Amino acid sequence: MAFAPMGPEASFFEVLDRHRASLRASLSAGGGEPPVRGTRRASSSEVLESIENTIQDVITSLAKHEAPAFTIDNRTTWENIKFDDSVGLQMVSHCATRKIKSDSPKSVQKFALILKILSMIYKLVQSNTYATKRDIYYTDSQLFGNQSVVDTIIDDISCMLKVPRRSLHILSTSKGLIAGNLRYMEEDGTRVNCTCGSTATAVPSNIQGIRNLITDAKFLLIVEKDATFQRLLDDDFCSKLSPCIMVTSMSFEAHNLTVPAIRWLGLLPSDIRRLNIPKDSLIPLTKHDHVKLNSILKRPYIHCQPLWRKEMEMMAELNMKAEIQALTFLSTDYLSRVYLPNKLKFGGWL
């Protein structure tokens, strides 16, 4: 069954089509799909063997009367990150590492927690069962202290073993929502149709179990805030700009935070001036905002993106920021009726 052609005329997508063709040409010139370091799919036997080897290294160190330590790629320094126009951000092939030592007061607790969660992961993989990050936290909430501790350790283990989180049989707590021109089959055989209406479809936790994806979407719109996502649903955005897919509250694995073609639609600092958004609809930058802004401007890949830099410098000059909801001062449906359609039709993205 084909998707119903309810959207604008084909000419509306000319800029998007050219952009897609350009991206595909860049990938082809680079030899096809770009390799992403550390994200290979791993079988259950490979994961079990990796964990066993890690524990064997700990035992060997103890037998030699040495303090065991875990070696993990350092994901906290931008020196380990490179930027490629056709790929985006990715870790360099020989990046610096950091050690989680068992004899250091600063890291001994984290070393112990890594061992504990490794043990839990081993049992999950061995029994072919799954748990969410939240499930892991609640096995001993007093020991872990807070959810972020568990999240960080799971990311560290994924990085250390060089396998995606899904291969560890740990699922994201947040599923996210999806709507638009997409149909697929879940792992248990359930057929799902995400055709846009007033409600969206919950993304299954086990996204690797999804198969038989069918779509003719021209673009995928990622919406950060649930309220904005619902507003676009209420305005029938997916149907008016069909074929497209819209998602929100997406959960990304630490290794998969980069994608070949994601673009920033806005609200851009230049839009604030261009649309004459009133000052009472803006939010003053905090001290933390300024620190973050200055930190981003110092990142090495920003030098390759003059338009990004110009927007951030403009934000610093304005000393203000705006939520996407600020567009409602123009009209309640300005976002879905004017702003996004114009951005998509004329290529108003970064």
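Remember, predicted model here, so these are calculated numbers, not experimental data. (Residues numbered from 1 in each chain as written. Predicted model: local features only at pLDDT ≥ 70, side-chain atom pairs only at ≥ 80, totals over all residues. Heavy atoms only, no water.)

Observations regarding the overall build of the chain
Next up, step 1: A tally of regular secondary structure across the chain gives 12 helices and 15 strands.
Next up, step 2: The burial tally for the chain puts 41% of its 350 residues in the buried class.
Next up, step 3: Nonlocal contacts in the chain, meaning residues at least 24 apart in sequence, comprise 71% of its contacts between residues at least 6 apart.
Next up, step 4: Here the chain displays about 19400 Å² of accessible surface, and carbon together with sulfur accounts for 53% of that area. (Helix = DSSP H or I, 4+ residues; strand = E, 2+ residues; numbered from the N terminus. Buried < 20%, exposed > 50% of the residue type's maximum accessible area, 1.4 Å probe, protein only. Contact = heavy atoms within 4.5 Å. Areas by Shrake-Rupley, 256 points an atom, 1.4 Å probe, with all protein chains shown as cover.)

Focus: the pattern of salt bridges
Next up, step 1: In this structure the tally under the stated criterion is 13 salt bridges.
Next up, step 2: Linking Asp17 and Lys218 is a salt bridge whose minimum nitrogen-to-oxygen distance equals 3.3 Å. Separated by 201 residues along the polypeptide, Asp17 in helix α1 (residues 14-29) and Lys218 in the loop between β11 (211-214) and β12 (219-223) bring together distant segments of the chain.
Next up, step 3: We classify Lys218 as partly exposed; its relative accessible area is 29%.
Next up, step 4: Among the salt bridges present, the one from Lys162 reaches Asp73, with a minimum N-O distance of 3.5 Å. You can see Lys162 sitting in the loop between α6 (147-161) and β6 (170-171) and its partner Asp73 sitting in strand β1 (residues 69-73), a full 89 residues away along the chain.
Next up, step 5: Salt bridges here are not isolated pairs; linked through shared partners, they connect Asp17, Arg20 and Lys218. (Salt bridge = Lys/Arg side-chain N within 4 Å of Asp/Glu carboxyl O.)

Focus: the packing of aromatic side chains
Any aromatic ring pair is given by two values, namely how distant the centres are and how the planes are angled relative to each other.
Next up, step 1: All chains considered together, the criterion is met by 3 aromatic pairs.
Next up, step 2: Each ring, one from Phe12 and one from Phe13, has its centre 5.1 Å from the other, and the planes form 80 degrees; the classification is edge-to-face. Note on accessibility: Phe12 and Phe13 belong to one class, buried. (Phe/Tyr/Trp six-rings, centres within 6.5 Å; stacked < 30°, edge-to-face > 60°.)

Any link to function would need more than the numbers given here.
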